[in-house]
Amino acid sequence: MMLQIIASVFVVLAAVKVWSKYKDGTLSILETLLWFILWLSIGVVFWQPEIASRLAVFFGIGRGADLVVYIAIVVIIYLLFRLFIRVDKMDRNVTKLVRTIATSDEKKGSDPDSKL
């Protein structure tokens, strides 16, 4: 029972964080809905674990815990993919910015190290 209460508090805090990210424009409405569905699902499974077992049987998986692990792995891999794309884009932007600054300094005839 104590674990369910702790998990519920965590789910509520995560949902509040998602809502605040939506309000400040960080998340789109679709992303917000997906995160709310994910957190709501986690809360429901903590309070009604037999739902996970029924879904597991429906999908041909032996136990509900296995289904939860499989879903968690898929979500983590998807999020890692999104992070990789974002980091790669940032890397390209930094490279472009450094090149622009370097060519600008070269055209001015200034020493780029003198600003350090």
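Right above here is the structure, for reference.
Every residue gets a number counted from 1 within its own chain, in the order that chain's sequence is written. Residues qualify for local features only when their pLDDT is at least 70, as the model is predicted, and side-chain atom pairs are given and counted only at 80 or more; totals for whole chains, interfaces and linings, by contrast, use all residues. Here the side-chain values reflect all heavy atoms present in the structure, with hydrogen atoms and water set aside.

Draft legend 1. Region of the structure containing the overall build of the protein chain. Secondary structure is summarised from DSSP: a helix means a run of H or I of at least four residues, a strand means a run of E of at least two, and numbering begins at the N terminus for each. When its secondary structure is counted, the protein chain shows 4 helices and 0 strands. Helices (α) and strands (β) of the protein chain occur, in sequence order from the N terminus, as α-α-α-α. Radius of gyration here uses only the C-alpha atoms, and the compact-globule reference equals 2.2 Å multiplied by the residue count raised to the power 0.38. Computed over C-alpha atoms, the radius of gyration of the protein chain comes to 23 Å, more than 25% over the 13 Å expected from 2.2 N^0.38 for 116 residues, which places it beyond the range of a compact globule. Counting only C-alpha atoms, the protein chain reaches 70 × 30 × 25 Å along its principal axes.

Draft legend 2. The packing of helix 1 (residues 2-23) against helix 2 (residues 29-47), seen in detail. Angles here are taken between N-to-C directions and fall from 0 to 180 degrees, while the axes themselves are lines fitted to C-alpha atoms, restricted in helices to the stretch in contact. Closest axis-to-axis distance for the helix 1/helix 2 pair is 9 Å, and the angle between their directions is 175 degrees. Between helix 1 and helix 2, the angle is such that the two are roughly antiparallel. Note on element contacts: helix 2 touches helix 1 through Ile 29, Thr 32, Trp 35, Phe 36, Trp 39, Ile 42, Gly 43, Phe 46 and Trp 47, opposite Leu 3, Gln 4, Ile 5, Ala 7, Ser 8, Phe 10, Val 11, Ala 14, Ala 15, Val 18, Trp 19 and Tyr 22. Amino acids outside the nonpolar list (Ala, Val, Leu, Ile, Met, Phe, Trp, Tyr, Cys, Pro) and the charged list (Asp, Glu, Lys, Arg) are all regarded as polar, and Gly is one of them. Classifying every residue of the contact of helix 1 with helix 2 gives 17 nonpolar, 4 polar and no charged. Note that the term roughly parallel is reserved for angles under 35 degrees, roughly antiparallel for angles over 145, roughly perpendicular for angles of 65 to 115, and oblique for everything else. Contacts were defined at the residue level, with two residues in contact if any of their heavy atoms lie within 4.5 Å.

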